[in-house]
Amino acid sequence: MSENVRSLESALHALEKTMRDTGADLVQEISNLKHKLEGLRSSEDAKLSRWARVQLARTPSRPTGLDYVERAFSDFVELSGDRCYGNDQALIGGPATLEGRPVMLLVQQKGRDTKGNIKRNFGMSHPEGYRKAMRLMDMAQKFGLPVIAIIDTPGAYPGIAAEERGQAWAIAESIAKMASLTVPTLSIVIGEGGSGGALAIGVGNRVMIMQNAWYSVISPESCAAILFHDAKEAPRAAESLRLTGQDLLELGIVEEVIPEPLGGAHLDLDTTVANFKEAVLRHLEELSQLSGEEVLEQRSRRFRNLGVFGEN
Amino acid sequence: MALDRIFRRKKPQLVVQDDLPELWSKCTHCSVQTYKKDLLAEKKVCPSCGFHNRISVEERIAFLLDEHSFVQSSGHVTPLDPLEFKDSESYPDRIKRSQQKTGRPDAILCGEGRILERPLVLALMDFSFQGGSMGSVVGEEITRAAELALERKVPLLIVCASGGARMQESVLSLMQMAKTTVALNALGKAGLPYFSLLTDPTTGGVTASFATIADVILAEPGALIGFAGPRVIQQTIRQNLPEGFQRSEFLLEHGMVDIVVDRRKQRTLLAQLLDHLGSKHKKAPVQEYKI
Ligand SMILES: [Zn+2]
């Protein structure tokens, strides 16, 4: 956010306070200032670099998966564990309703503060997270519930225990399971879409992304470390990776970029969630017209056709 | 064999690259010297310590398949630079260099062949081509190989060797993990077996997709196999990694692979597995394999 925006914002807050405190009629002034602020934010948004969007996606106050779940869905019942090893806190899920429709939620969850982030391992799952997701996909298949997967992870956790318990296996099997479902699947990247850890629940009939989220094969830092031998070159790597919503739309990776309020999702949670909910409902309605076989066929064709190459 | 001639699109080119500079080769593992012809007869496995040297895709075909049975199906798909990836060296230049080095459009070679008379489709990853990384071309060729196996109603074998997804195609590379999986799901649905052979090294997005959803996962001894590379893990946890971590034997012990198999025994083992799991689609009984 620029200095200009910040000073306009504080001027606006001052006016609002004055009106509250003194009862002076400043409605017109406030409205003018709001209009001006909106214009400024809009022109700044268009100019945002890819790296700036990555930073927006990582803003600590950015809405997490549960913020969407609590506001867009009702009666979410969290089901725990992979029935094998443990209960991953970075990937949670269970049934819920969306405007009266039963759905199965898979949610990658970051912490809302430091304590939360330790509990959630900063949104980085161990294999048991993906195995829990698979168990819930089976349940969704059994009871005919569409799967709504909310993606927000820097990546699957790279650690000794994760490798010992088959991190790669869990991700691969989760991709395969989601690809095989005959119930509709929707995947929405709300913050970070970090590589295979995100794709594990990213095999949607429709894939969408919030305006200031990113989705890439590698984080800008890791990419910079490999290409430029310096993680500080991440802004450059972010440009190369073409990882924003707009990029993904142009590459045919996502069906839709869900708009965020100017300045980012954290500035207006209600509008953010309303936009999210509208898009999810619309796609769910479309997909509900298809038979199970058609759902599988549509999703298979969607992913079969991804890739850019020449042919001779 | 008559069918092979009908479907033959390219003459097989099987030249065993004899790249050892001297008559003798010193094992990088145990330092014992082996006469290089003996080493080739051992499929480049050190007769002294059993160390599996890395081999080329052409050598792999020669060591694995019946003589002259391989008919290439891949090679018509070529990489582009859809992201106009900005890097210290341009992506098309990197590609061109690897193409000149390997004589292949990308890090993959696919085709049909036979192991002890049993027909199958094979996809072989080439680690010497940009670390065997998977971009759009590798994803498309693996997908086509699975589709060819489905069309021919024969099993599929993928020999994996890869550092993971290719950065220069970013999210397009990532999507190849799902795309190849969709094709393999279809193969499985038709009751056709899929085998993967994990060789040194197999990591990243390849391990986290088609490599590990095979019906039977085989691994060569001592191969590095994992999701995250050892360096990344070390940087994250800031402690030393245990001995043998992420090696084939470690993964066998943790229940992640079916069999760790010596390169010299792979033909026999694969023939057995092809018979055991491929009977559903078998048209005529095959001869017993010689052990
Ligand atoms: Zn040796």
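Residues numbered from 1 in each chain as written. Chains lettered and ligands numbered in written order. Predicted model: local features only at pLDDT ≥ 70, side-chain atom pairs only at ≥ 80, totals over all residues. Heavy atoms only, no water.

Along its length, chain B carries 10 helices and 11 strands. Residue burial in chain B is summarised as follows: out of 291 residues, 56% are buried. Put simply, 67% of the contacts in chain B that link residues at least 6 apart link residues at least 24 apart. Accessible surface, chain B: about 12,900 Å² in total, of which carbon and sulfur atoms supply 51%. (Helix = DSSP H or I, 4+ residues; strand = E, 2+ residues; numbered from the N terminus. Buried < 20%, exposed > 50% of the residue type's maximum accessible area, 1.4 Å probe, protein only. Contact = heavy atoms within 4.5 Å. Areas by Shrake-Rupley, 256 points an atom, 1.4 Å probe, with all protein chains shown as cover.)

So, on to empty space enclosed by the protein. Residues and elements named next belong to chain B. A complete count under the given rule lists 1 cavity of 30 Å³ or more for this structure. As for the largest cavity, its lining consists of S74, G75, V77, P105, D106, I108, V137 and E141. Residue composition of the lining of the largest cavity, by class: 4 nonpolar, 2 polar and 2 charged. (1 Å grid on protein atoms, 1.4 Å probe; cavity = no way out; pocket = protein on both sides within 12 Å on 5 of 7 lines; lining within 4 Å. Points joined across faces, edges and corners; volume = space filled by probe spheres on them. Nonpolar A, V, L, I, M, F, W, Y, C, P; charged D, E, K, R; others polar.)

What follows deals with the domain arrangement of chain A. Partitioning chain A into domains gives domain 1 (1-30) and domain 2 (51-304). Placing the centre of domain 1 of chain A and that of domain 2 of chain A at their C-alpha centroids yields a distance of 38 Å. (Domains from an automatic or database assignment.)

Residue and element names in this part refer to chain B. Distances from the zinc ion to its protein donors, C27 (SG), C30 (SG), C46 (SG) and C49 (SG), fall at 2.3 Å. Seen from the zinc ion, its 4 donor atoms lie at angles of 109 to 112°, and the figure they make is tetrahedral. Of note, the donors binding the zinc ion are all from one chain and are spaced C-x2-C-x15-C-x2-C. One end of the pair, C27, is in the loop between β1 (24-26) and β2 (33-35); the other, C49, is in the loop between α2 (36-41) and α3 (57-64), with 22 residues separating them in the sequence. Using a relative accessible area of 33% as the deciding quantity, one classes C49 as partly exposed. (Donors = N, O, S within 2.8 Å, 3.2 Å for Na, K, Ca; no water. Tetrahedral: all angles 85-135°; square planar, octahedral: opposite > 155°, others 65-115°.)

Attention now moves to the interface of chain A and chain B. Opposite the 48 residues of chain A that make contact, chain B presents 61 residues. Here chain A and chain B share an interface that buries about 4,600 Å² over both sides, 69% of which is from carbon and sulfur atoms. Scanning the region where chain A abuts chain B turns up 3 salt bridges. With a shortest N-O distance of 2.6 Å, E147(B) and R304(A) are connected by a salt bridge. Here chain A is connected to chain B by 17 residue pairs in polar contact (both at pLDDT 80 or more). Contributions of two or more residues to the side of chain A that touches chain B are made by α7 (160-164), α8 (167-180), α9 (195-199), β6 (214-216), α10 (220-227), α11 (234-241), α14 (292-304) and β8 (309-311) of chain A. Per-element tally for the side of chain A that touches chain B: the top contributor is α8(A), with 10 residues. In the sheet, β8(A) pairs with strand β4 (residues 77-79) of chain B via 3 bridges, with the strands oriented antiparallel. Within the sheet, the bridge partner assigned to E311(A) lies in β4(B) and is V77(B). (Buried area = accessible area lost by both parts, 1.4 Å probe. Salt bridge = Lys/Arg side-chain N within 4 Å of Asp/Glu carboxyl O. Polar contact = N/O pair within 3.5 Å; in protein donor to acceptor, adjacent residues only side chain to side chain. Pairing = 2+ DSSP bridges.)

Turning our eyes to something else, we now look at helix α4 (residues 91-102) of chain B. Note: α-helices contain 3.6 residues per turn, so residues at a spacing of three or four share the same orientation. Residue and element names in this part refer to chain B. Compared with an ideal rise of 1.5 Å per residue, which puts 12 residues at 16 Å, α4 spans 16 Å between its outermost C-alpha atoms and is within 8% of the ideal. If you check which residues of α4 are buried, you get Y91, R94, I95, S98 and T102. All buried residues of α4 fall inside an arc of 100° around its axis, so they share one side. Looking one or two residues past α4, G103 carries a phi angle of roughly 70°, positive in sign. (Expected span 1.5 Å × (residues − 1). Arc of directions from axis to C-beta.)

Attention now goes to a nonpolar patch on the surface. All names here are of chain B. The grouping of L23, W24 and Y35 at the surface amounts to a nonpolar patch, some 320 Å² of accessible area in total. If you trace the backbone, Y35 turns up in strand β2. Given a relative accessible area of 31%, Y35 falls into the partly exposed group. (Patch = residues over 30% accessible without salt bridge, like charges linked within 9 Å, V, L, I, M, F, W, Y side chains within 5 Å.)

Summarising the model, chain B shows a mean pLDDT of 91, and 90% of its residues fall at 70 or more. Overall fold confidence for the complex sits at a pTM of 0.90, while the interface term, ipTM, reaches 0.90. (pLDDT = per-residue confidence, 0-100.)

With that settled, the discussion passes to the layout of surface pockets. Residue and element names in this part refer to chain B. One number sums up the size of the second largest pocket: a volume of about 740 Å³. What lines the second largest pocket is a set of 39 residues, and nearest its centre among them are N53, R54, I55, S56 and R263. Split into classes, the residues belonging to the lining of the second largest pocket amount to 15 nonpolar, 12 polar and 12 charged. Each of domain 1 (23-53) and domain 2 (54-276) gives at least three residues to the lining of the second largest pocket.

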